[in-house]
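Residues per chain, in single letters:
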Amino acid sequence: MKIRLFDRKKNESKLPFFTPQDLVNIRWFWNNYLVQRTPWLLIVLGLILVQGVAYQQFLSLTESGLRVIFDEGVITDLIQVCAIVFGLFTVRAVTSYVVPRLSTWLAASAVMEMRRDLIEHMMTFDLSYFDRTSPGETILRLVSQAEGLSSFVGQATVNAVRDFVTVIIVSGYLIYKAPVLFASALVIAPAIILILQFVSHNIKMVQRSAENALGAYMNTLEETVNGMRTVKISNQERFEEERLLRSTSEIRALAIRLQAAQATVMPAIDIASAFAYALVIGFGGYMAISPSYDIDGAAIIAFLIGLVMVFDPLRNLAKFFTQLQASLILLDGVNGMNRIKPTITDVEKPLESFDTTGEILLSDVTFAYSPESPLFDKLSMEFRAGERTAIVGATGSGKTTILSLISRLYEIESGKITIGGTNIQDIRISNLRESFSVVAQDIVIFNASLWENIKYVRPQSTDEEIWEAAEAAEIADLIRSRGDMPLGPKGAQLSGGQKQRIAIARAFLRKAPILLLDEATSALDQRTEERVKRALARLAEGKTTIIVAHRLSAISDADRIYVLDQGRAVESGTHQELLDIGGLYHGMYSTQKGEYH
Ligand SMILES: Nc1ncnc2c1ncn2[C@@H]1O[C@H](COP(=O)(O)OP(=O)(O)OP(=O)(O)O)[C@@H](O)[C@H]1O
């Protein structure tokens, strides 16, 4: 699957250094993660100023030193100048140690908070977000883009501030010493601004493509690693290898293009600075020789050294500028996640409690996963209180979706769903979901011990309760034999039936008043299924239970059975009543009859 985190914007070529969205993103980051660190930022800034002043003082002392050598020849004065110069560089050395340490700490803490907020925010996303968003995209935002931002904000920005301060202070000094010379060196400034503008646009475009390519690569990698069984059994190793290599070569090509876009800045600055040096040597030399100007050789040499001290940080600033343009794309990616708003949320004053023993009603429910393929159109169903109701029907008829809608994993478009007379949209989501014990089709197993996996659904359970649930789900022996051994990624070391028994044990442990069983025993052998079914029947006693099953043998004793066909409830009744109607259920029963004999 190709992922596109960023789309090219139509009027991109007309954009200045910062787009309006860039400014919004920067404000978001500043207001949420930096502004509360202002005192520390001011300390860093203060230290940077000290560094800048030390630099300027060095320049001024160099001029004095040169003058001592050229004019006065007093050795003690020279030694004094040397000692102060050494002292200044020591100050610079100390600040060079403290500033990066402080700034890295500040940036890493800010980004950690940002990650924490984004993770918290991600937990509120609708399930539909995860249905349509590749894991690679989420990982890219929370891992690589956040990391890229951290190093940019920490080191690069602080260095840039230091360089900027140095440029301002030293330039100020040079203007004060020789304004005409400085003005002559400035003639190259417009050229530099033009180059930066051109490069800025290019960098953003390439960085955007690079992020898309990296996201696609992460996604392919995730798909391949997760699907290794299918890859191997289908002999598709080469195909997957080529898919991954194509992604990597795309990343390489984009990395080279990005570097090429960034690389144009440095030589441009170098040529511009060479031009300025030549101008200053020529013009400055003329001023020193000419009696009409009050400037000597020492001042010209010091001015040239000063120019070096301006151009050196200016080079770094240009490099920083290119990194900034790339990082604005990272910031946009990260903040893009923040812009996603969940739609399934609690109402303003949600109900904490409701009648969990009451009947569950679907009234005129309309729902579609996507506008182009509606699934339910005014569907009405009744799941009577304390009874076992089964839903059967062809694959894709919407059985699982009904369970998802009742637990509000997806939001209905119209109609309503009530439990014990209360609309589920008025109930606090956590309280609503707490009232279900679920055995779902897609069983999620974590790479922890069996024990931990069962306990996951109710961490406060006692050991006795967990053993009880494990015994009921026929998985206690496996716990004894495996001990604390982790189950492998996604429970890879377990059989399908063992995974299903974990899910059943979880349902037992949860002890919730409503039971939702989706193909709960389909992966079990007949003997185990019989035992688990009896245990489930005990669990279901007095509880409102909804069972989704393909095997009619699993539900023939249900109090009521619904037959679903393409999103419509076409038949309902007991097993016998449905057989008597001689409709769809009868047909399904006849097909599966072999199972009963
Ligand atoms: N997350 C989803 N996003 C988009 N469409 C979906 C999603 N889940 C299911 N569908 C579609 O909705 C329809 C109903 O799916 P559902 O899983 O409810 O069927 P089902 O009756 O439970 O099928 P099965 O018996 O195979 O489990 C199907 O056409 C399916 O393709």
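Residues numbered from 1 in each chain as written. Predicted model: local features only at pLDDT ≥ 70, side-chain atom pairs only at ≥ 80, totals over all residues.

1. Side note on the overall build of the protein
At step 1: Summing up its helical and strand segments, the protein has 20 helices and 10 strands in all.
At step 2: Taken against the 2.2 N^0.38 rule, which gives 25 Å for 597 residues, the C-alpha radius of gyration of the protein at 35 Å runs more than 25% over that of a compact globule.
At step 3: Based on the C-alpha atoms only, the size of the protein along its principal axes is roughly 120 × 55 × 50 Å.
At step 4: In the protein, 81% of the contacts between residues at least 6 apart in sequence involve partners at least 24 apart. (Helix = DSSP H or I, 4+ residues; strand = E, 2+ residues; numbered from the N terminus. Rg over C-alpha atoms; globule rule 2.2 N^0.38 Å. Contact = placed C-beta atoms within 7 Å.)

2. Considerations on the environment of Leu324
At step 1: Of note, Leu324 is situated in helix H11 (residues 297-339).
At step 2: We classify Leu324 as buried; it has 21 C-beta atoms within 10 Å.
At step 3: Remark: the alpha-carbon pair of Leu324 and Leu149, spanning 175 residues in sequence, is separated by 9.7 Å. (Buried ≥ 20, exposed ≤ 12 C-beta atoms within 10 Å, placed from the backbone.)

3. Quick notes on the UniProt feature "domain: ABC transporter" (unreviewed entry) in the protein
At step 1: Following the UniProt record, the feature "domain: ABC transporter" (unreviewed entry) maps to residues 360-591 here.
At step 2: From the first C-alpha to the last, residues 360-591 spans 31 Å; its make-up is 35% helix and 27% strand. (UniProt positions renumbered as here; feature names shortened; annotations may be inferred.)

4. Points about the sheet that holds strand S4 (residues 414-419)
At step 1: Spatially, the 4 strands line up as an open sheet ordered S2-S1-S4-S5, and their pairing is antiparallel. Strands with a single pairing partner mark the edges of an open sheet, and in this sheet they are strand S2 (373-383) and strand S5 (422-423).
At step 2: Alignment of strand S1 (residues 360-370) against S2, held across 7 bridges, turns out to be antiparallel. Bridging across to S2, Ile360 finds its partner in Phe383.
At step 3: Where helix H12 (residues 399-406) meets the sheet, its contacts fall on S1, S2 and S4, and the angle it forms with S1 comes to roughly 110°. (Pairing = 2+ DSSP bridges. Axes fitted to C-alpha atoms, helices over the stretch in contact; angles between N-to-C directions.)

5. Focus: H12
At step 1: All of the buried residues in H12 are Lys399, Ile402, Leu403, Leu405 and Ile406. For H12, the arc enclosing every buried residue in end-on projection is 160°, short of the 170-degree limit, so these residues lie on one face.
At step 2: Positive backbone phi, at 55°, marks Arg408, one or two positions downstream of H12. (Arc of directions from axis to C-beta.)

6. A closer look at the UniProt feature "transmembrane region" (unreviewed entry) in the protein
At step 1: When the UniProt feature table is mapped onto this chain, "transmembrane region" (unreviewed entry) is found at residues 40-58, 78-99, 182-199, 267-289 and 295-314.
At step 2: With 100% helix and 0% strand, residues 40-58 has its two end C-alpha atoms placed 27 Å apart.
At step 3: End C-alpha atoms of residues 78-99 are separated by 31 Å, and the span's content is 100% helix alongside 0% strand.

7. Observations concerning the site of the ligand
At step 1: Around the ligand, the surrounding shell consists of Asp131, Tyr369, Leu375, Gly393, Thr395, Gly396, Ser397, Gly398, Lys399, Thr400 and Thr401.
At step 2: Considering each element in turn, the shell around the ligand owes the most residues, 3 residues, to H12.
At step 3: When the residues that make up the shell around the ligand are grouped by side-chain class, the tally is 2 nonpolar, 7 polar and 2 charged. (Near = placed C-beta within 6 Å. Nonpolar A, V, L, I, M, F, W, Y, C, P; charged D, E, K, R; others polar.)

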